[in-house]
Amino acid sequence: MKTPWAQRQLIMTPRIQELHFTLIAHLILHMLILLLLARWGYSHPQCLDYKPPFQPQQPLVFCKEYSKFGCCDLQKDEEIRIRFYTIMENFDHSGYVTCSRYIHSILCQECSPYAAHLYDAEDANTPMRILPGLCGNYCADYWHRCRYTMSLLLEDLGVLHQYANITMAIEEDRKRFCDFLELKDKQYCYPNVLTSAELNANLGFVRENPKGCLELCLQEVANGLRNPVAMIHADDGTHRFFVAEQLGYVWVYLPNGSRIDRPFLNLTHAVLTSPWAGDERGFLCIALHPRFTTVRKAYVYYSVSVNKEERIRISEFTLSPHDDNQLDHSSERTILEVTEPASNHNGGQLLFGHDGYLYIFIGDGGRAGDPFGKFGNSQNKSTLLGKALRVDVEDNDDAPPYSIPWDNPFLWEKETRPEIYAYGVRNMWRCSIDRGDPVTGGGRGRMFCGDVGQNKYEEVDIIVKGGNYGWRAKEGFSCYDRKLCQNSSLDDILPIFAYPHKLGKSVTGGYVYRGCEMPNLNGVYIFGDFMSGRLMSLKENVTTGEWKYNEICMGRDQICRFPKLINSFYKYIISFAEDEAGELYFLATGAPSATTRAGFIYKIVDPSRRAPPGKCSIKPLPVKIKGKLIPFRPKAEFVINKKPTTTAAPTTTRKPTTATKMARKTHIIVKPPMPKRDKTPPSSLPSPTTATSKMRQTPTSATITKAPTTVQKATTPATTTHTGYRTTITTASRVAQTTTPPTRTHGRTFKYSPSTTFQPPASSTPPSAPTKAPQVPQPTEHYPGLTTQQPPYWAQVSTPSSYKRPFIHTTPHKLQEDKMRLGEKLETAGEGNQLLKKPRGRGRGTKRGRGLRAGSVRLVSTDGLPNRGRVEIFVRGQWGTVCDDLFTSKAGTVVCRQLGFKTALAVLKRAAFGEADGSVRILLDDVECEGQERSLLDCKRSRVGKHNCSHAEDVGVICG
């Protein structure tokens, strides 16, 4: 019997069938392209301090593989070397030869450019792995040869006391050993990450997407501005910057982002502008004297109305004698005024060149096509409109406002204004001076300008003395006025780049990057377009003199996943700027009106490479503040805080819950497959975890109803290749020499260790430990009831008499177990740290939960330690578990604070502390907390009892 679909197929005409299959083919092709683009953007070099990798200033000595590009400087490399030799003191000669390469590789992974991925540390809000993620084959080989070295690595990190009860079981079981260490992502795991052609192609260079677009990120610096038109610095060591609004205000910002509440300058009473979107009149620019600390003068460019005549005014102000962050408003002195025949094409650039002279850029007077006179204003050297001017404002206190530099190109030409430095410009908007290459000085002093076009083209020019830039004869490279264009005496200078109006209709000139923090961008000219919101770049080929164009696009979430970075901005790019250190910014708005507070300042950031640590550090000079400071509060959502839509190894898709749909309208949560768990007897130990939000191991189930009092030794120990090393007896799980909590690094839970490929020395004799390496004897102890054969290559070290092994519970006592069931507060540290909640008086619930407040929590585990276990919550008169979906360290902190601890050291997923019994309900799912809530019920979550998970996803925490 044919199905309805088959019946419909029978009556389809050949033409319809052809269209049908063509549509399917196009859909498949589209999906393949999307997958390719997604794969292209997956590479994400990142260090454990949540910053891009770098090239060390000096070659590394120990982790040599990462001397060209990685995450370690020479100091960090030396620390890893000392740790290595401290660990290797526990080995005899044969053990050294066998295991040194594994220890070396694992420790040096902290220097890998992909260290953050190896440690699951790409998200600063979630816990990370303790040891780097290994590939399956490499992990199996490591277990076969040197599995008993895991406890040494844990001891080196100071976390062995947290895993003392399970280390032996892990080391004896290859599956659990590799569940603990393996990274399921076969491309990023070690050592595959070193040989992946895709990950290592162009590693350390600016990322380009398949279309050649440079992928950069941004950092929000300021917001709430009204058409910010200019940002400058004083070059006085304070690293403050001054931001001008089109309305007539200039504000002072300090290096920490705060703003002084008193304006540096307020010319709103004099500035001619309007709230109309796109009005080109207003306060347009400000420039500080190059010796501002001594000369203490500022120069401004703004529109003004005088007797109903619109003019451009360039004025001089002096700094207030009472406040270094405010100009003396009564000190204004007019330097120059130019009458504007129309309200557009006002120009608007002031800057000081390296020669100390003041450059002024004025538009052609407005309207369309420069219709003034026979050749237009721009080609008429008897007017200042459509020109770049150069004047000298030095020593003018008792003299005219400015003088003419002696080498101005048209100083002695008749019927020509001597102020003219270059001509033939239409409406230059934003110019800059190249600081020059920081090493060679190449390019220093070049003046770049963006010149807004008429109907077809926008252009970028390098301004030279006496140059004619072609307007109105030419627009970009093409002729605009054909008669003038064919004039052989034009002798115009062509732009270095021009682009058609399909890319944008109003160029905004930018800067050549010469800062310190982003070495990849050195020499790149970055500019934009006001109308299209397009960011663009030019890079000069110093051999041919040609400029290569690349568009700049925002990096995807995976690329910009660094603290404080964003990957979106408002469309209307008004201006570019650089700070005192040479870092690059641009100013944009979402509404181009002089009265709308929609303006932002963004710092441009290259996520692919940074400068070595310490190279770009600055110490701003103190600034005396009068008035109040307004702290900066970013408005854009950081990429790192965006809600994740996928986990590390997506293979199956589940339907979002109602609460999830409300929180993320179109997102689909993709989860890794549920690991199959062997039903082990109650005497088995809980499975190890890596203290990370992305658990990749397969833990065994655990129960609290009945717990063993001793740990059973494996009846059939795993075999190890015989090497003839000496054999002695010691514990497999070595305890740390101190009981202090694990070291916190960069605000994260654990201190980590990394890896590197290491070739053993040609000589069979292991090198002796260097003299700098401290001789730290490692204590060798036994836990009662925990015995296993020592790996034959361990060297026995005597235990200092002063060393006292801390007692560690392996199972909860009967009384403790009963109290955990009742949710009571345990009296001693050895029994737990549960809180007794006050009853809410609702008279509901089972006998064991009566009297508890809704939202009370407890930690359930078999090892008896009071600060860790599976999270269970009391709601509606019963205890139940919490799913690990979206559960981060912030939610873990809420749980730990309820129990009297300060914070959550780790959040363990995939039922790391064992699955709850089938009779226990799952009460909460999709829990998202900010960290300050009183209980998990106050967090963003799904409805109580509504979930889409199993007990295989019971979440656990370690408090501290």
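Just above, that's the structure.
Keep in mind that this is a model prediction, so the values were computed, not measured.

Caption draft 1: Focus on the overall build of the protein. For the protein, the helix and strand inventory stands at 16 helices and 38 strands. Put simply, of all contacts in the protein between residues at least 6 apart along the chain, 67% involve residues at least 24 apart. Of the roughly 41800 Å² that the protein leaves accessible, carbon and sulfur atoms contribute 54%.

Caption draft 2: Examining the pattern of salt bridges more closely. Here the structure, examined in full by the defined rule, presents 42 salt bridges. The closest approach of N and O atoms between Asp397 and Lys297, which form a salt bridge, is 2.5 Å. Linking Asp397 in the loop between strand E13 (387-391) and strand E14 (420-423) with Lys297 in strand E8 (residues 297-306), this pair joins segments that are 100 residues apart in sequence. In this structure Asp397 comes out as exposed when scored by relative accessible area, which is 56%. For Lys297, a relative accessible area of 7% translates into the label buried. Asp434 serves as the salt-bridge partner of Arg446, at 3.0 Å between the closest nitrogen and oxygen. Placement of Arg446 in the loop between strand E15 (428-433) and strand E16 (447-451) and of Asp434 in the loop between E15 and E16 is noted, with a sequence separation of twelve residues between them. The pair Arg446 / Asp434 is uniform in exposure class, with both members buried. Through salt bridges with shared partners, a single ionic network connects Lys76, Glu79, Arg83, Glu110 and Asp156.

Caption draft 3: Broad picture of helix H7 (residues 150-157). Counting buried positions along H7 yields seven of eight residues, so the element is predominantly enclosed. For H7, the set of buried residues is Met150, Ser151, Leu152, Leu153, Leu154, Glu155 and Leu157. Gly158 sits one or two positions beyond H7 and adopts a positive phi of about 80°.

Caption draft 4: Structural detail: the state of the cysteines. This structure, assessed with the given rule, holds 14 disulfides. Residue pairing for Cys99: its cysteine sulfur links by disulfide to Cys146, the two sulfurs lying 2.0 Å apart. On the sign convention where negative means left-handed, the S-S torsion of about -100° between Cys99 and Cys146 marks this disulfide as left-handed. In this pair, Cys99 sits in helix H4 (residues 93-108) while Cys146 sits in helix H6 (residues 136-146), placing the two residues 47 residues apart along the sequence. For Cys99, a relative accessible area of 1% puts it in the buried group. Of the residues examined, Cys146 reaches a relative accessible area of 0% and is grouped as buried. The disulfide that involves Cys896 links it to Cys959, with 1.9 Å between the sulfurs. Taking the torsion about the S-S bond as the criterion, the Cys896 to Cys959 disulfide, at about -80°, is left-handed. Here the residue Cys896 occupies a position in helix H16 (residues 889-898), and Cys959 occupies one in strand E38 (residues 956-959), the gap between them amounting to 63 residues. Overall, Cys896 belongs to the buried group, its relative accessible area being 0%. In this structure Cys285 is a free cysteine whose sulfur lies 9.2 Å from that of Cys431, the closest cysteine sulfur available.

Caption draft 5: Looking closely at H4. Between the first and last C-alpha of H4 there are 22 Å, a value that for 16 residues agrees with the 22 Å anticipated at 1.5 Å per step. In terms of residue burial, H4 counts as a mostly covered element, since twelve of its 16 residues are buried. Residues of H4 that are buried: Gly95, Tyr96, Thr98, Cys99, Ser100, Tyr102, Ile103, His104, Ser105, Ile106, Leu107 and Cys108. Looking at where H4 begins, the residue whose side-chain oxygen comes 3.4 Å from the main-chain nitrogen of Ser94 is Asp92.

Caption draft 6: Just the packing of aromatic side chains, in detail. Under the counting rule described, the total for this entry stands at 31 aromatic pairs. Ring centres of Phe84 and Tyr96 lie 6.3 Å apart, and the angle between their planes is 75°; on these two criteria the pair is classed as edge-to-face. Of this pair, Phe84 sits in helix H3 (residues 74-88) while Tyr96 sits in helix H4, and the two are twelve residues apart along the sequence. Owing to a relative accessible area of 9%, Tyr96 belongs among the buried residues under this scheme. Put simply, the rings of Phe448, Phe497, Tyr499, Tyr525, Phe527, Trp547 and Tyr549 pair up and form one aromatic cluster. Against the face of Trp471 rests Arg426, its NZ or CZ located 5.4 Å from the ring centre. For Arg430, the ring lying beneath its charged end belongs to Trp429, and the centroid distance is 3.8 Å.

Caption draft 7: Spatial organisation of the environment of Lys175. Structurally, Lys175 can be placed in helix H9 (residues 174-181). Through-space distance from the C-alpha of Lys175 to that of Ala140 is 8.7 Å; in sequence the pair is 35 residues apart.

Caption draft 8: Local environment of the side chain of His951. Mapped onto the secondary structure, His951 falls in the loop between strand E37 (921-924) and E38. For His951, a relative accessible area of 13% corresponds to the buried category. At a separation of 3.0 Å, a polar atom in the side chain of His951 contacts the side chain of Asp954. When near neighbours in sequence (up to four residues on either side) are disregarded, His951 contacts Thr881, Ala911, Glu915, Ala916, Asp917, Val920, Arg921 and Ile922.

Caption draft 9: How the structure looks around the sheet that holds E13. The four strands are arranged E11-E12-E13-E14 in an open sheet whose pairing can be described as antiparallel. Each of the sheet's edge strands pairs with one partner strand only, and the pair in question is strand E11 (349-352) and E14. Here the average twist between neighbouring strands, direction ignored, is 20°. In this structure, E13 lies alongside E14, joined through three bridges in antiparallel fashion. Residue pairing across strands places Ala388 opposite Ala422, the latter belonging to E14.

Caption draft 10: How the structure looks around the pairing of strand E12 (residues 358-362). Burial analysis of E12 places five of its five residues in the buried class, the great majority of the element. Side chains of E12 alternate between two faces, with Leu358, Ile360 and Ile362 and Tyr359 and Phe361 buried alike. In terms of strand pairing, E11 meets E12 through four bridges, oriented antiparallel. Note that in E12 the partner of Leu350 across the bridge is Ile360. Two successive antiparallel strands, E11 and E12, enclose a turn made up of five residues, where Gly356 displays a positive phi of approximately 90°. Sheet analysis places E12 next to E13, joined by five bridges and oriented antiparallel. When the bridges of E13 are listed, Phe361 appears paired with Ala388.

Caption draft 11: Inspection of the sheet that holds E16 at higher detail. The strand order E15-E16-E17-E20 describes an open sheet built from four strands, whose pairing is antiparallel. The open sheet has two edge strands with one neighbour each: E15 and strand E20 (497-500). For this sheet, the mean angle separating the axes of adjacent strands, direction not counted, is 15°. Summarising the sheet, strand E17 (residues 457-463) and E20 pair through four bridges and their orientation is antiparallel. Looking at the pairing, Glu458 lines up with Tyr499 of E20.

Caption draft 12: Structural view of the environment of Thr589. Tracing the backbone shows Thr589 in strand E26 (residues 584-589). Sequence separation between Thr589 and Asn227 is 362 residues, and the spatial gap between their C-alpha atoms is 6.3 Å. Look past the residues within four positions of Thr589 in its chain and what remains in contact with it is Asn227, Tyr570, Lys571, Tyr572, Ile574, Ala598 and Gly599. Among the polar contacts made by the side chain of Thr589, one reaches the main-chain carbonyl oxygen of Ala598 at a distance of 3.3 Å.

Caption draft 13: Highlighting the packing of H3 against H4. Taken N-terminus to C-terminus, the directions of H3 and H4 make an angle of 145°; their axes are 10 Å apart at the nearest point. Crossing geometry of H3 relative to H4 is assigned as right-handed. Residue-level contacts link Ile80, Arg83, Phe84, Tyr85, Ile87 and Met88 of H3 to Tyr96, Ser100, Ile103, His104, Leu107 and Cys108 of H4. Residues of the contact of H3 with H4, tallied by class, amount to nine nonpolar, two polar and one charged.

Caption draft 14: Layout of the nonpolar core. Within the largest apolar cluster, 69 residues are counted, with the highest numbers of intra-cluster contacts made by Phe264, Phe283 and Ile360. Per-element tally for this core: the top contributor is E8, with seven residues. What Phe283 contacts, discounting residues up to four positions off in sequence, is Val229, Ala244, Glu245, Gln246, Gly248, Val250, Leu265, Leu267, Val271, Val300, Tyr301 and Tyr302. Grouped together as the second largest cluster of nonpolar side chains are 57 residues, Phe84, Cys99, Ile103 and Leu134 included.

Thresholds, definitions, all that
Residues numbered from 1 in each chain as written. Predicted model: local features only at pLDDT ≥ 70, side-chain atom pairs only at ≥ 80, totals over all residues. Heavy atoms only, no water. Helix = DSSP H or I, 4+ residues; strand = E, 2+ residues; numbered from the N terminus. Contact = heavy atoms within 4.5 Å. Areas by Shrake-Rupley, 256 points an atom, 1.4 Å probe, with all protein chains shown as cover. Salt bridge = Lys/Arg side-chain N within 4 Å of Asp/Glu carboxyl O. Buried < 20%, exposed > 50% of the residue type's maximum accessible area, 1.4 Å probe, protein only. Disulfide = S-S within 2.5 Å. Expected span 1.5 Å × (residues − 1). Polar contact = N/O pair within 3.5 Å; in protein donor to acceptor, adjacent residues only side chain to side chain. Phe/Tyr/Trp six-rings, centres within 6.5 Å; stacked < 30°, edge-to-face > 60°. Lys NZ or Arg CZ within 6 Å of the ring centre and 35° of its normal. Pairing = 2+ DSSP bridges. Axes fitted to C-alpha atoms, helices over the stretch in contact; angles between N-to-C directions. Left-handed = near helix turned anticlockwise from the far one by under 90°. Nonpolar A, V, L, I, M, F, W, Y, C, P; charged D, E, K, R; others polar. Core = buried A, V, L, I, M, F, W, Y, C linked by side-chain atoms within 4.5 Å.

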